[in-house]
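# Examination of the molecular architecture
This is what each chain is made of:
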Amino acid sequence: MPTAVLTDRERTAVQAYLRLLHTVRAAFGDEGDDEGVGAPAAPQDRLPPVVPPAVLAEAEQALAAAGLAGNEEEFFRLLHGWCPGR
């Protein structure tokens with residue numbers, strides 16, 4: 001199995017993407033398990049999920065710095081090489 005050797009900028013982009021992914025999952029209540037904390041709120045009482053703009057900006061900036069903005073295929077190849085199973 002080939003090992004991906006990432007540049008510092010590519011690694012930063014992958015890490016920013018993973019932080020964004022975890023933030024989005026947390027915002028939408030998808031933590032990968034079926035057990036939530038406490039009783040779920042009624043639909044009319046729920047606030048819409050919010051992803052902090054800084055997290056999105058960090059990911060965009062990291063992708064641009066690594067030369068991967070607009071090149072999702074290359075980015076996801078790097079991501080899979082660095083984090084198989086994601």
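Right above here is the structure, for reference.
All of the points below concern the structure found in this document. Throughout, residues of each chain are indexed from 1 in the direction in which the sequence is written. Per-residue local features of the predicted model are confined to residues with pLDDT of at least 70, and side-chain atom pairs are confined, for both listing and counting, to 80 or more; whole-chain, interface and lining totals are unaffected and use all residues. In computing side-chain values, all of the structure's heavy atoms are included and hydrogens and water are not.

Here a strand is any run of E in DSSP of at least two residues, a helix any run of H or I of at least four, and the numbering for each starts at the N terminus. For the protein chain, the helix and strand inventory stands at three helices and zero strands. Secondary structure elements in the protein chain, listed N-terminal to C-terminal, are α-α-α. For the protein chain, the proportion of its 86 residues judged to be buried stands at 19%. Across the protein chain, the fraction of contacts at a sequence separation of at least 24, relative to all contacts at a separation of at least 6, is 81%. Accessible area is worked out with a 1.4 Å probe on protein chains only. A residue is then buried under 20% of its type maximum, exposed over 50%, and partly exposed in between. A contact between two residues is defined here by any heavy atoms of the two lying within 4.5 Å.

Classification of ring pairs rests on two measures: the distance between centres of Phe, Tyr or Trp rings, Trp counted by its six-membered ring, which must be within 6.5 Å, and the angle between planes, read as stacked under 30 degrees, edge-to-face over 60 and tilted in between. Scanning all chains against the criterion turns up three aromatic pairs. Ring plane angle 75° and centroid distance 5.4 Å describe the contact between Tyr17 and Phe75, whose orientation is recorded as edge-to-face. Taken together, the residues Tyr17 in helix α1 (residues 8–27) and Phe75 in helix α3 (residues 72–82) connect sequence positions 58 residues apart. Residue classification places Tyr17 among the partly exposed residues on the basis of a relative accessible area of 22%. Look at Phe75 and you get buried, because its relative accessible area is 5%. Ring geometry for Phe75 versus Phe76: centroids 5.2 Å apart, planes at 70°, classification edge-to-face. Taking relative accessible area as the criterion, Phe76 reaches 40% and is therefore assigned partly exposed.

To obtain an axis, a line is fitted to C-alpha atoms, over the contacting stretch when the element is a helix, and the angle between two such axes runs from 0 to 180 degrees between their N-to-C directions. Where α1 contacts α3, the axes come no closer than 10 Å and their chain directions differ by 85°. Regarding the angle of α1 to α3, the classification is roughly perpendicular. Facing α1, whose interface residues are Glu10, Arg11, Ala13, Val14, Gln15, Tyr17 and Leu18, α3 presents Phe75, Phe76, Leu78, Leu79 and Trp82. In this classification, the charged set is Asp, Glu, Lys and Arg, the nonpolar set is Ala, Val, Leu, Ile, Met, Phe, Trp, Tyr, Cys and Pro, and all remaining amino acids, among them Gly, are polar. A class-by-class count of the residues in the contact of α1 with α3 yields nine nonpolar, one polar and two charged. These descriptions rest on fixed angle ranges, namely under 35 degrees for roughly parallel, over 145 for roughly antiparallel, 65 to 115 for roughly perpendicular, and the rest for oblique.

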